[in-house]
Amino acid sequence: QVQLVESGGGLVQAGGSLRLSCAASGRTFSSYAMGWFRQAPGKEREFVAGISWSGGITYYADSVKGRFTISRDNAKNTVYLQMNSLKPEDTAVYYCAADPSSPPWTVVAGTIPYDYWGQGTQVTVSS
């Protein structure tokens, strides 16, 4: 079992930055690919960014590429999402998720392999 706790959300003006953190419990964090997803009101949950076991491979949704950066610190059991140049359309609840089944060189841009989810943190970008 893995428990995930997100933090760092809040209200920010357009063009601003936020850094989300996701702290994971368990001794096998370094064996999981990790992902960030978001869900806006009335919309489906969507993939934002993912990172492989070691952090050597990352993948981003087109909508955030060049603005968001995912990283991880396996010694601290934590994954981060640095969000720059925020836009009102980035407003959503952001979730981190752990994928325990994909190979170490893989990042999956879909919800299926992500078995563990955090409770989410609200990000609101004002115009």
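Residues numbered from 1 in each chain as written. Predicted model: local features only at pLDDT ≥ 70, side-chain atom pairs only at ≥ 80, totals over all residues. Heavy atoms only, no water.

### Quick notes on the sheet that holds strand β8 (residues 78-83)
Thinking step 1. As summarised here, the arrangement of the four strands in space is β1-β3-β8-β7, forming an open sheet in which the pairing is antiparallel. The open sheet has two edge strands, β1 (4-7) and β7 (68-73), and neither has a second partner. Across the sheet, the mean angle from the axis of one strand to that of its neighbour is 15 degrees, orientation sign disregarded.
Thinking step 2. Both strand β3 (residues 18-24) and β8 contribute to a ladder of six bridges, which runs antiparallel. Looking across to β8, one finds that S21 is bridged to Y80. (Pairing = 2+ DSSP bridges. Helix = DSSP H or I, 4+ residues; strand = E, 2+ residues; numbered from the N terminus. Axes fitted to C-alpha atoms, helices over the stretch in contact; angles between N-to-C directions.)

### What to know about the nonpolar core
Thinking step 1. Within the largest apolar cluster, 31 residues are counted, with the highest numbers of intra-cluster contacts made by L4, M34, W36, L81, M83 and Y94.
Thinking step 2. Put simply, the parts of the chain that give this core at least two residues each are β3, β4 (33-39), β5 (46-51), β7, β8, β9 (92-99) and β11 (121-126).
Thinking step 3. Leave out the neighbours within four places in its chain, and L81 touches L18, R19, L20, W36, V48, A49, F68, T69, I70 and Y94.
Thinking step 4. Grouped together as the second largest cluster of nonpolar side chains are five residues, F37, F47, A97 and Y114 included. (Core = buried A, V, L, I, M, F, W, Y, C linked by side-chain atoms within 4.5 Å. Buried < 20%, exposed > 50% of the residue type's maximum accessible area, 1.4 Å probe, protein only. Contact = heavy atoms within 4.5 Å.)

### Overview of the pairing of β1
Thinking step 1. Only one face of β1 is covered, namely the one carrying L4 and E6; the face carrying V5 and S7 has none of its residues buried.
Thinking step 2. Across four bridges, β1 lies against β3 in antiparallel orientation. Paired with E6 across the two strands is C22, which belongs to β3.

### A look at the pairing of β7
Thinking step 1. Every second residue of β7 is oriented toward a common face, the buried set being F68, I70 and R72 and the non-buried set T69, S71 and D73.
Thinking step 2. As paired elements, β7 and β8 share six bridges and run antiparallel to each other. Across the sheet, T69 pairs through a bridge with Q82, a residue of β8.
Thinking step 3. Joining the antiparallel neighbours β7 and β8 is a turn of four residues, in which N77 adopts a positive phi near 50 degrees.

### Overview of the environment of A92
Thinking step 1. By the element assignment, A92 lies in strand β9.
Thinking step 2. For the pair A92 and T121, spaced 29 residues apart in sequence, the C-alpha separation works out to 8.5 Å.
Thinking step 3. Residue contacts for A92: discarding those within four places in its chain leaves R38, Q39, A40, T121, Q122 and V123.

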